[in-house]
Amino acid sequence: MAKRLTPIPFVGNPESRNLGIQDQRYVNIVFERVPTEVLKQHTIYCVKRPGISNEIQPVTTSTGRGIHSWALTGSTYSVFGNAIFSETSTLTASMNTSSGRCWFVEIPPSTGAAQLVICDGQDNYNITSTGVITQIDQADDADYPTSTLGPVAYLDGYLFQGASNGRIYNTAINTVSSWISGDYITADTHAGALEAIYIQKDQIMGFTKNRIEFFFNNGNPTGSPLLRIDQNTIGLGLASRESLAWSGEAACFVGENAGDGDAGRAIYLVQSLSKLRDISSPVINRFLTAEGPSISSCTAWMERVAGQLVYCLNLAVANRSFVYHFETGLWPEWETSSQARFNCVSATSRNGALYLQDASNGRIYTFNASTFRDSGSDFRVTLQPTRSEFGTPLRKQETGLSIIGDSTLSTVQVYANDDDATTTYTQVGEIDMTSPQKRTTRLGGFYNRAHQFRYEANSSFRVQAWQPEIKKYGV
Amino acid sequence: MEFEIQPSPLRNINRLDQRQNPAQSINYTAFIPPTITDEQYIIPDRQIGVAVQSVEILDAIANGSIAVLGTGRLVVI
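An account of the accompanying structure is given in this report. This structure is a prediction, so every number in the text was calculated from the model and none was measured.

**Here we look at the pattern of salt bridges**
- Tallied over the full model, the rule gives 24 salt bridges over all chains.
- Note that Lys275 of chain A and Glu2 of chain B form a salt bridge whose closest N and O atoms lie 3.3 Å from each other. Of the two residues, Lys275 of chain A is situated in strand E27 (residues 275-278) and Glu2 of chain B in strand E1 (residues 2-4); the pairing between them involves two chains.
- Overall, Glu2 of chain B belongs to the partly exposed group, its relative accessible area being 45%.
- The partner of Glu333 of chain A in a salt bridge is Arg320 of chain A, with the nearest N and O atoms 2.8 Å apart. Of this pair, Glu333 of chain A sits in strand E31 (residues 333-334) while Arg320 of chain A sits in strand E30 (residues 320-325), and the two are 13 residues apart along the sequence. An identical accessibility class is assigned to Glu333 of chain A and Arg320 of chain A; each is buried.
- Via salt bridges that share partners, Arg17, Asp23, Arg387 and Asp420 of chain A belong to a single interconnected network.

**A few points about the interface of chain B and chain A**
- Between chain B and chain A, the contact holds 16 residues from the first and 26 residues from the second.
- Our count for the contact surface shared by chain B and chain A stands at 2 salt bridges.
- Counting the contacts that link chain B with chain A gives 8 residue pairs in polar contact (both at pLDDT 80 or more).
- Residues belonging to the side of chain B that touches chain A are distributed by class as follows: 7 nonpolar, 5 polar and 4 charged.
- The pairing of E27 of chain A with E1 of chain B spans 3 bridges and is classified as antiparallel. Within the sheet, the bridge partner assigned to Arg277 of chain A lies in E1 of chain B and is Glu2 of chain B.

Rules of the game
- Residues numbered from 1 in each chain as written.
- Chains lettered and ligands numbered in written order.
- Predicted model: local features only at pLDDT ≥ 70, side-chain atom pairs only at ≥ 80, totals over all residues.
- Heavy atoms only, no water.
- Salt bridge = Lys/Arg side-chain N within 4 Å of Asp/Glu carboxyl O.
- Helix = DSSP H or I, 4+ residues; strand = E, 2+ residues; numbered from the N terminus.
- Buried < 20%, exposed > 50% of the residue type's maximum accessible area, 1.4 Å probe, protein only.
- Contact = heavy atoms within 4.5 Å.
- Polar contact = N/O pair within 3.5 Å; in protein donor to acceptor, adjacent residues only side chain to side chain.
- Nonpolar A, V, L, I, M, F, W, Y, C, P; charged D, E, K, R; others polar.
- Pairing = 2+ DSSP bridges.

In C-alpha cells, the structure reads:
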C-alpha cells in the first residue's frame with residue numbers, strides 16, 4: 001500500500017554541487033514569511049515573483065547605468081549610455097562615458113540649493129530642482145579629483161568622492177562644485193586600492209580591495225573633516241563596487257581580501273552601522289569565485305519587492321541572478337523567460353511603486369506584485385527541491401503527488417530526474433491548479449528522485465508544500 | 001563570520017565652532033560646573049530623573065549655585 005509522506009515545504013537554498021543547475025534551486029519566486037508570534041509559529045509561502053511591465057523608454061537602445069527617484073521633484077532620473085534623463089526628457093546627451101554604473105546622491109537645500117549629483121566615474125553632473133544640469137570636471141575646477149571611482153557621499157555639508165589613488169576628497173562646505181586640492185584623507189591602512197565609498201549613519205566607509213575603513217566627521221579645522229576610526233577597520237575588502245547596493249540602513253556587497261587571493265569571496269551585509277556579517281553560502285561563494293575578474297561586470301540593486309527587502313546580484317559569467325531575502329535569509333534565483341540572468345541593473349521606488357532599469361533596451365519597468373508576465377511574455381517558475389530516496393534505497397513507485405497551495409489558473413508540470421549522473425528532467429505528471437484536489441497519479445518507479453515543478457501561466461502562484469505518495473515494490 | 005562596528009567617537013572640540021559646522025543654527029555653550037569646596041555637600045544618590053521646571057532652579061544652575069554632575073547627583077553650593 002502506498003504511503004503518503006509528510007508534506008515537504010517548498011523552502012530551500014541553492015545546493016548546486018558545481019556551477020550547474022542540477023540540484024536544489026528555487027527560481028522566479030519570493031519566499032514570504034508570515035509570523036504568528038502569539039503561537040510562536042510562522043508560515044513560509046513560496047510565491048511567484050512579480051513580473052515587469054513597460055513603463056517608459058527614454059531611449060530605444062542603450063546601456064542602463066542607473067536610476068534614482070528624487071522625492072524633491074517627484075521625477076525619476078536615469079542614465080542610459082551617455083545621456084541623463086528626467087523621466088523621458090533629455091537633460092544631457094554628452095556625458096564623457098557611455099558605460100559603467102553611475103552613482104547618485106541628493107544634496108539637501110540647507111546647503112543653499114537642493115541638487116542631485118550624478119557621477120559616472122569621470123565627471124560630476126549636478127542637477128537642480130528645475131532640471132538645470134552642470135557638468136563638473138577639471139576644466140571647471142582644477143582641484144576636481146582625477147580618476148574618481150564613481151561613488152559619491154554627502155555628509156554635514158560636504159560632498160565626498162573617492163579616487164583611484166586611495167584619497168577621499170571633499171568639497172568646500174556647502175558646495176558641490178568647489179574642490180580644494182589639499183582636502184582629502186587616504187584609505188590606506190593596509191595598502192589596498194580604494195574601490196568605493198559609502199555612507200551609513202554618520203560614518204563613511206572606505207572600501208579598499210582588502211580592508212574596509214570607517215571615517216567620521218571630526219570637524220578638523222583644516223584639510224579633510226574626516227578622521228579614521230582605527231579600531232573599526234575590518235580585514236576584508238570589496239571585490240567590485242558594482243556589487244554594492246543599499247536601501248535604508250542595510251547595504252550588501254561582494255567581499256574579498258585581495259591580499260589573500262579572490263577565493264575568499266562571499267556576500268556581506270552591513271546593517272545599521274553595528275554589525276557586518278556574511279550572508280551567502282559556500283554554494284553561492286563558489287559562483288562568486290568563478291566569476292574571476294568578471295566580478296566587475298556584475299550588477300546589483302536592493303529594493304522592497306512584494307513587501308520585503310531583497311538584494312539582487314546579477315552575475316555575468318554564470319549568467320544567473322541570486323536574490324537575498326532579508327526576511328528569511330534565503331537565496332532564490334530570478335531569471336528571464338529565456339533562462340538568462342534577471343536583466344535589470346538598477347532599482348528605485350516612488351509613491352509606492354518600484355521601478356527597474358533594463359540593462360540594454362532603454363526601458364524602465366514597474367515591478368508590481370499584481371503583474372505575472374515580463375513585458376507580456378510568460379516566464380517560468382521552477383521549484384526544484386533536493387533529491388531524496390524517501391527512506392529506503394530500494395526501488396519504489398510514486399503512486400501519487402499532491403501540492404498544498406492556492407488555487408490558480410492552469411497547471412503545474414511535474415518533472416523528475418531519477419539518475420543522479422544526468423541533468424535531464426522528464427515530465428511525469430501534471431497537476432490541475434484550478435481543482436480543489438491538486439494531485440496527480442502514477443508518476444513511475446525509481447531508486448532516488450529529484451522532483452521539479454514548473455508553472456508558467458499568466459497568473460498568481462502561491463504554494464507551501466508538496467506531498468508524495470510512495471509505495472515500495474513487493475509490499 | 002560577523003564583525004562589530006563601533007559608533008563614532010566624540011567629535012573634535014572644533015565641532016562646536018559654528019564656522020566648522022554651519023549646518024547647525026543653534027548657538028549653545030557647554031555648562032562647566034564649578035569646583036567643589038568645603039562648604040558644599042553632596043546629596044548622595046539623588047537622581048535627577050525629572051524635568052526641572054522651576055525658574056529659580058534653572059537660574060541657580062545657570063549662575064552656578066547648583067551644579068548638576070553626571071547623571072545621578074545634585075550638588076548644592
